[in-house]
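# Overview (structure and organization)
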Amino acid sequence: MIHKQKERIITDTHPNNYEQIFNEIEKLPLLLNDVDYYPLVKRGYDFLVMLHDSGLDESMVYNRLLAIHQNLKNEWQQDFIAELLDFVCGFIGNQAYYIWRHDGAFSRELSSVNVKTERSNQD
């Protein structure tokens, strides 16, 4: 089971239960709206950190997220998953948020980076 605790996501099961984490990530784009976009990105980042800590490799996580991305019909939802893909592969300006960095020196929490949107969920 996954619990939210002060904007930090924790699991009460062994971290190898990554299927449940992927299921939670799949739900995030369906919850998108202008107000909750950044908190959902932050939640997605926290889930990715949990997958990293579970020992999953970068390519496995990337491929699963890519499959989720390709199955979404809404462009805004695809853009959301693309942001999470960037945290996995390191295609981001601030390398501190590249979770699978080879030196292991990634930020454990996503701060108020410039993740904003002017789009509506109707697009």
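What you see is a predicted model, and the numbers here were worked out from it, not measured in a lab. Within any chain, residue numbers begin from 1 and follow the written order of that chain's sequence. Only residues with pLDDT of 70 or above have their local features reported here, since the model is predicted, and side-chain atom pairs are shown and tallied only from 80 upward, although totals for entire chains, interfaces and linings are computed over all residues. Water and hydrogen atoms were dropped before computing side-chain values, which therefore reflect all heavy atoms in the structure.

### Topic: the nonpolar core
Note the threshold: The definition of a nonpolar core used throughout is a set of buried Ala, Val, Leu, Ile, Met, Phe, Trp, Tyr and Cys residues joined through side-chain atoms within 4.5 Å. Think of it in three bands: with a 1.4 Å probe and only protein chains considered, a residue is buried below 20% of the maximum accessible area for its type, exposed above 50%, and partly exposed in between. Segments assigned H or I by DSSP are reported as helices when at least four residues long, segments assigned E as strands when at least two residues long, and all are numbered from the N terminus. Contacts: residue pairs with any heavy atoms within 4.5 Å of one another.
Among the nonpolar cores identified, the biggest contains 33 residues, and Ile 25, Leu 48 and Leu 65 are the most heavily contacted of them. Among the elements that make up this core, the one with the highest residue count is helix H2 (residues 37–53) (ten residues). Those residues in contact with Leu 48, other than ones at most four positions away along the chain, are Ile 25, Val 61, Leu 65, Leu 84, Phe 87, Val 88, Ile 99 and Trp 100.

### Thoughts on the packing of H2 against helix H4 (residues 75–89)
When two helices pack together, their arrangement is given by the angle between their axes and by how far apart the axes lie. As a reminder of what qualifies: Axes, fitted as lines to C-alpha atoms, cover a helix only where it is in contact. Angles between the N-to-C directions of the axes lie from 0 to 180 degrees. Here the word oblique covers every angle except those under 35 degrees (roughly parallel), over 145 (roughly antiparallel) and from 65 to 115 (roughly perpendicular). Two helices cross in a left-handed way if the nearer one is turned anticlockwise from the farther one by less than a right angle. They cross in a right-handed way if the turn is clockwise. The classification used treats Ala, Val, Leu, Ile, Met, Phe, Trp, Tyr, Cys and Pro as nonpolar, Asp, Glu, Lys and Arg as charged, and all other residues, Gly among them, as polar.
Between H2 and H4, the shortest axis-to-axis distance is 10 Å and the interhelical angle comes to 40°. Between H2 and H4, the interaxial angle falls into the category oblique. Judged by the twist between their axes, the crossing of H2 over H4 is right-handed. Along its contact with H2, which presents Tyr 37, Leu 40, Val 41, Gly 44, Tyr 45 and Leu 48, the element H4 presents Trp 76, Asp 79, Phe 80, Glu 83, Leu 84, Phe 87 and Val 88. Of the residues belonging to the contact of H2 with H4, the class tally is ten nonpolar, one polar and two charged.

### Regarding the pattern of salt bridges
Keep this limit in mind: Whenever Lys or Arg places a side-chain nitrogen within 4 Å of a carboxyl oxygen from Asp or Glu, that contact is recorded as a salt bridge.
Per the counting criterion, the structure on display carries six salt bridges. Between Glu 109 and Lys 42 there is a salt bridge, with its nearest N and O atoms 4.0 Å apart. Taken together, the residues span a long stretch of sequence, with Glu 109 in the segment after H4 and Lys 42 in helix H2 at a distance of 67 residues. Using a relative accessible area of 42% as the deciding quantity, one classes Glu 109 as partly exposed. When its relative accessible area of 12% is taken as the criterion, Lys 42 is described as buried. Here Arg 108 ties to Asp 53 by a salt bridge, and the two come within 2.3 Å at their closest N and O atoms. Taken together, the residues span a long stretch of sequence, with Arg 108 in the segment after H4 and Asp 53 in helix H2 at a distance of 55 residues. Salt bridges here are not isolated pairs; linked through shared partners, they connect Lys 42, Asp 46 and Glu 109.

Remember that the coordinates give geometry; whether it matters functionally is a separate question.
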